[in-house]
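# Structure assessment
Next come the chains, spelled out residue by residue.
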Amino acid sequence: MTTEPHSTADQADVVERPKTYLPAAIRAMRPRQWVKNVLVLAAPLTAGRIFELDVLWHVALAFISFSLISATIYLINDATDVAEDRLHPTKRFRPIAAGELSVPAAYVLAAITCAAALTIGFFTAKMLGVVLVIYFVLQLAYTQFLKNQPILDLAMVASGFLLRMIAGGVATHIQLSAWFLLVAAFGSLFMVAGKRYSEMHALGADAGTRKSLKAYTITYLRFAWHLSAAITLMSYCLWSIGGQLDPGQPAPAKGLFGLPWLVISIIPLTIGLLQYALEVDRGDAGEPEDVVLKHRALQVSGLLWMVCLVLGIFF
């Protein structure tokens, strides 16, 4: 007696529904992914102004507004992709796909969060409001059709990380240097290309029911995140060695072994990149925020990097 092979849907049933006590409306806004919005701290931190009360207040408002505008995109994306998400092994548990939050209610909630985000953004700083509008337009275009276009989907997702870092600068009226933008841009591309590589490595061309993945190859995505990682690290090295200094500004104080702390910060950053790259290569970096939140060694490297960075900027 023969048995029928299990379908993809049957295999998906083995994935358990995650336990949570948050209301469906809150879960649909994906608060777990708001951790990405701490990138608004990058510009004030590297400028050495993070501890100024006025700067902290504006950074907090930038964080809140970006959390709300990203929640808007998540709601619209899930409402648009509800049919596809119901076929996905994990996305089918999202509130809209699971029927816990109706599609019309999701659109109404998206309108509310969008209005709140733009109100806070333009109240904080005109250019912050402009950045939020640019983010909304780009991500809306991404959710509707660009996510199925190879290369462009990488650029659109990477722009989300980059715009978060730019938002922290414009909200606090801090001028962004070319080195900062280079590290931010290629660091963002590294994260996104690694995410796509990890998806393909783990699940193949059908990963995430994303059509653009069919146009990629493992070798191409490996090249993309190798290239972006190299440029990110090289740009950071040049910045830490002296690119952060204005003409005529004295050299930073020496740190350990006679080296400036910013130069020493290259070590934990390199180790952190290598640790994250290992997760990418294993196919375990499909959700970057989960890697950061769960990888203890990566957290230690990040903490050491942050300590060196703070010592180099403030002492």
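Model, not experiment: these values are computed from the prediction. (Residues numbered from 1 in each chain as written. Predicted model: local features only at pLDDT ≥ 70, side-chain atom pairs only at ≥ 80, totals over all residues. Heavy atoms only, no water.)

### Focus: the packing of aromatic side chains
Scanning all chains against the criterion turns up 8 aromatic pairs. Taking the centre distance of 6.2 Å and the plane angle of 55 degrees together, the rings of F190 and W225 count as tilted. Of this pair, F190 sits in helix 9 (residues 178–203) while W225 is found in helix 10 (residues 218–243), placing the two residues 35 residues apart along the sequence. For F190, a relative accessible area of 4% translates into the label buried. Taken together, a centroid distance of 5.9 Å and an interplanar angle of 0 degrees make the contact between Y216 and Y220 stacked. Looking at Y220, the relative accessible area reads 33%, which means it is partly exposed. Here the aromatic cluster, defined as three or more aromatic residues joined through ring pairs, consists of F190, Y197, W225 and Y276. (Phe/Tyr/Trp six-rings, centres within 6.5 Å; stacked < 30°, edge-to-face > 60°. Helix = DSSP H or I, 4+ residues; strand = E, 2+ residues; numbered from the N terminus. Buried < 20%, exposed > 50% of the residue type's maximum accessible area, 1.4 Å probe, protein only.)

### Remarks on the packing of helix 12 (residues 266–282) against helix 14 (residues 296–314)
At a closest axis distance of 8 Å, the pairing of helix 12 and helix 14 adopts a crossing angle of 155 degrees. One element, helix 12, and the other, helix 14, form an angle in the roughly antiparallel class. Along this stretch, helix 12 crosses helix 14, giving a crossing that reads as left-handed. Contacts between helix 12 and helix 14 involve P268, L269, I271, G272, Q275 and Y276 from the former and A297, L298, S301, L304, W305 and C308 from the latter. Here the residues of the contact of helix 12 with helix 14 are counted per class, giving 9 nonpolar, 3 polar and no charged. (Axes fitted to C-alpha atoms, helices over the stretch in contact; angles between N-to-C directions. Parallel < 35°, antiparallel > 145°, perpendicular 65-115°, else oblique. Left-handed = near helix turned anticlockwise from the far one by under 90°. Contact = heavy atoms within 4.5 Å. Nonpolar A, V, L, I, M, F, W, Y, C, P; charged D, E, K, R; others polar.)

### Some words on the side chain of D78
With respect to the helices and strands, the residue D78 is situated in helix 4 (residues 53–80). Within polar-contact distance, the side chain of D78 engages the side chain of R94 at 3.2 Å. Ignoring sequence-local partners within four residues, the contact set of D78 consists of A28, R30, D85, R94 and I96. (Polar contact = N/O pair within 3.5 Å; in protein donor to acceptor, adjacent residues only side chain to side chain.)

### Some thoughts on the nonpolar core
What tends to happen in soluble globular proteins is that the nonpolar side chains get buried as a cluster. Of all hydrophobic cores here, the largest spans 35 residues; its most connected members are W225 and Y276. Among the secondary structure elements, those contributing two or more residues to this core are helix 7 (126–144), helix 8 (152–171), helix 9, helix 10, helix 12 and helix 14. In terms of residue count, helix 10 provides more of this core than any other element does, 7 residues in total. The contacts of W225, once residues within four sequence positions are left out, are F190, A193, G194, Y197, A277, V280 and D281. By size, the runner-up hydrophobic cluster in this structure holds 33 residues, among which are M29, L68, V82 and A171. (Core = buried A, V, L, I, M, F, W, Y, C linked by side-chain atoms within 4.5 Å.)

### Some thoughts on the UniProt feature "transmembrane region" (unreviewed entry) in the chain
As recorded in UniProt, the sites labelled "transmembrane region" (unreviewed entry) are residues 55–76, 105–138, 176–193, 220–241, 261–278 and 298–314. Note that residues 105–138 is 97% helix and 0% strand, and that its end C-alpha atoms are spaced 23 Å apart. For the annotated span residues 220–241, helix accounts for 100% and strand for 0% of the residues, and the straight-line distance between the end C-alpha atoms is 32 Å. (UniProt positions renumbered as here; feature names shortened; annotations may be inferred.)

### As for helix 7
Given 3.6 residues per helical turn, the α-helix brings residues three or four places apart onto the same face. Its 19 residues place the ends of helix 7 27 Å apart at the C-alpha level, agreeing with the 27 Å of an ideal helix rising 1.5 Å per residue. By the burial criterion, the buried members of helix 7 are L128, G129, V131, L132, Y135, F136, Q139, A141, Y142 and T143. (Expected span 1.5 Å × (residues − 1).)

### Side note on a nonpolar patch on the surface
Taken together, the side chains of V35, V38, L41 and L293 present a nonpolar region at the surface, about 270 Å² in accessible area. Among the structural elements, L41 can be located in the loop between helix 2 (24–28) and helix 3 (42–46). Residue classification places L41 among the partly exposed residues on the basis of a relative accessible area of 34%. (Patch = residues over 30% accessible without salt bridge, like charges linked within 9 Å, V, L, I, M, F, W, Y side chains within 5 Å. Areas by Shrake-Rupley, 256 points an atom, 1.4 Å probe, with all protein chains shown as cover. Salt bridge = Lys/Arg side-chain N within 4 Å of Asp/Glu carboxyl O.)

### So, the packing of helix 4 against helix 6 (residues 103–124)
Following both chains from N to C, one finds helix 4 and helix 6 inclined at 155 degrees, their axes separated by 8 Å at the closest point. Between helix 4 and helix 6, the interaxial angle falls into the category roughly antiparallel. Every pair of crossing elements has a handedness; the one defined by helix 4 and helix 6 is left-handed. Looking at the contact of helix 4 with helix 6 residue by residue, the classes come out as 18 nonpolar, 7 polar and no charged.

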